[in-house]
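Here's the letter readout for the chains.
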Amino acid sequence: MKIGQYNKLMINRFVDFGAYLIDDEDNEVLLPKRYLTGDEELDDWIEVFVYNDSENRPVATTEHPHATVGEFCLMRVKAVNAIGAFLDWGLVAKDLLVPFREQRVRMQAGRSYIVYVYLDENSGRIVASAKLDKFLGDSLPDYYHRQKVDALIVQQQEIGYRVIIDGKHWGMIYNNEIYNPVNIGEHHMAFVKQVRDDGKIDVTLAKIEKMRVDDVASEILKYLKHNGGSMTLNDKSAPDDIMRIFNCSKKDFKKALGQLYKQHRITLGDTVKLTGDNHQ
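Residues numbered from 1 in each chain as written. Predicted model: local features only at pLDDT ≥ 70, side-chain atom pairs only at ≥ 80, totals over all residues. Heavy atoms only, no water.

Quick notes on the layout of surface pockets
Just so we agree on the cut-off: Here a cavity denotes a set of grid points, spaced 1 Å apart and computed over the protein atoms alone, in which a 1.4 Å probe fits but from which it cannot get out, and a pocket denotes an open set meeting protein on both sides within 12 Å along at least five of seven lines; residues with an atom within 4 Å of a point are reported as lining. Grid points are joined across faces, edges and corners, and a volume is the space filled by probe spheres set on the points. Secondary structure elements are taken from DSSP: a helix is a run of H or I of four residues or more, a strand is a run of E of two residues or more, and numbering for both begins at the N terminus. For this scheme, ten residues count as nonpolar: Ala, Val, Leu, Ile, Met, Phe, Trp, Tyr, Cys and Pro. Four count as charged, namely Asp, Glu, Lys and Arg, and the remainder, Gly too, count as polar.
Approximately 410 Å³ is the volume found for the largest pocket. Surrounding the largest pocket, 18 residues form its lining, R104, I114, A130, V154 and Q155 being those nearest its centre. Residue assignment for the lining of the largest pocket shows that the elements contributing at least two residues are β9 (112–119) and β11 (148–157). By volume, the second largest pocket amounts to about 330 Å³. Taken together, 19 residues line the second largest pocket, and the ones lying closest to its centre are N52, D53, S54, K94 and D95. Residue assignment for the lining of the second largest pocket shows that the elements contributing at least two residues are β4 (45–52), β8 (94–99) and β10 (126–129). With four residues, β8 is the largest single contributor of residues to the lining of the second largest pocket. Here the lining of the second largest pocket is built from residues that sort into 11 nonpolar, two polar and six charged.

And the structure:
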């Protein structure tokens, strides 16, 4: 049974205040009655999130926290006391503690911060930390050019945004690579441009040109096959017409036509046509 993670557990017995679930090693945890629908039966399997309650006892819930152990997330501070800051974790019965020692700056109620959720080895409790560097860069980044990655937007800087790549490494998205608004705490699909000597990664939110052109070429072929093998759009067509049909720039459209022509899949002229072998 993994504390701070989702577990698939079996209903072992019912009690007045809920049901006890067990894992395959017969470890038992309580699922409080408020999370039961009334349709459950003995030996049913159910997916739950397991965490520690205020007395450090394992308890299960069918709620979904904003982040599990091992994840980074933007969370709002609900309250601050002498122990630390308590975050809205997404669970009704449990807030998430950020001890003062794990705060980069003193957290304030009502504000939101990117934190890392982890299981404290000394106390056995699930806590969070805003000192993100401690949990990143433990392994060398091994990415190839144009690889698709997850980018968590962490901090705005003058040149762009610092991001966390795949929950493992620091990265950067430069302002000239951002074509739509982004916000702190959002996850975006990004593409690797380069891995720098310091291990940090430059990524872009825009598809690398070759990938964009390949996608447009694929759409052109689909369009031609669904329209009798020909179309009047060509490399001299108006950018607005190209955008309306293929949702791309004229530059990418022309490069896609050139790519398909070199592959002998189309013929070019006032009308673009599929070659004989490409109608199927």
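After that view, the rundown keeps rolling.
What about the pairing of strand β14 (residues 187–195)?
Convention followed: Any two strands with at least two DSSP-identified bridges between them are counted as paired.
Across five bridges, the pairing between β11 and β14 is antiparallel. Within β14, the residue paired with L152 across the bridge is H187. In terms of strand pairing, β14 meets strand β15 (residues 201–204) through four bridges, oriented antiparallel. Residue Q194 lies in a different strand from β15, and its bridge partner there is D202. If you look at the hairpin formed by β14 and β15, you'll find five residues sitting between the two strands, and G199 has a positive phi there, around 90°.

Describing helix α3 (residues 250–262)
Filter applied, for reference: One less than the residue count of a helix, multiplied by 1.5 Å, gives the span that helix is expected to have. Relative accessibility under 20% of the residue-type maximum defines a buried residue, over 50% an exposed one, and the middle range a partly exposed one, all with a 1.4 Å probe and only protein chains included. Arc definition: directions from the helix axis to the C-beta atoms.
Over its 13 residues, α3 runs 18 Å from end to end, which matches the ideal 18 Å to within 8%, given 1.5 Å per residue. The set of residues buried in α3 consists of D252, F253, A256, L257, Q259 and L260. Projected onto a plane normal to the axis of α3, the buried residues spread over an arc of 160° and lie on a single side. Pointing more than 90 degrees away from the buried face of α3 are the exposed residues K251 and K262.

Some thoughts on the pattern of salt bridges
What counts here: Salt bridge, as used here: a side-chain nitrogen of Lys or Arg that lies within 4 Å of a carboxyl oxygen of Asp or Glu.
What the rule picks out here adds up to 12 salt bridges. For E28, the salt bridge identified is with R13, shortest N-O distance 3.0 Å. One end of the pair, E28, is in strand β3 (residues 28–32); the other, R13, is in strand β1 (residues 6–15), and 15 residues separate them in sequence. On the basis of relative accessibility, which here comes to 35%, the residue E28 falls in the partly exposed class. Using a relative accessible area of 35% as the deciding quantity, one classes R13 as partly exposed. For D252, the salt bridge goes to R212, with nearest N and O atoms at 2.8 Å.

Function-wise, these values are silent; they only describe arrangement.
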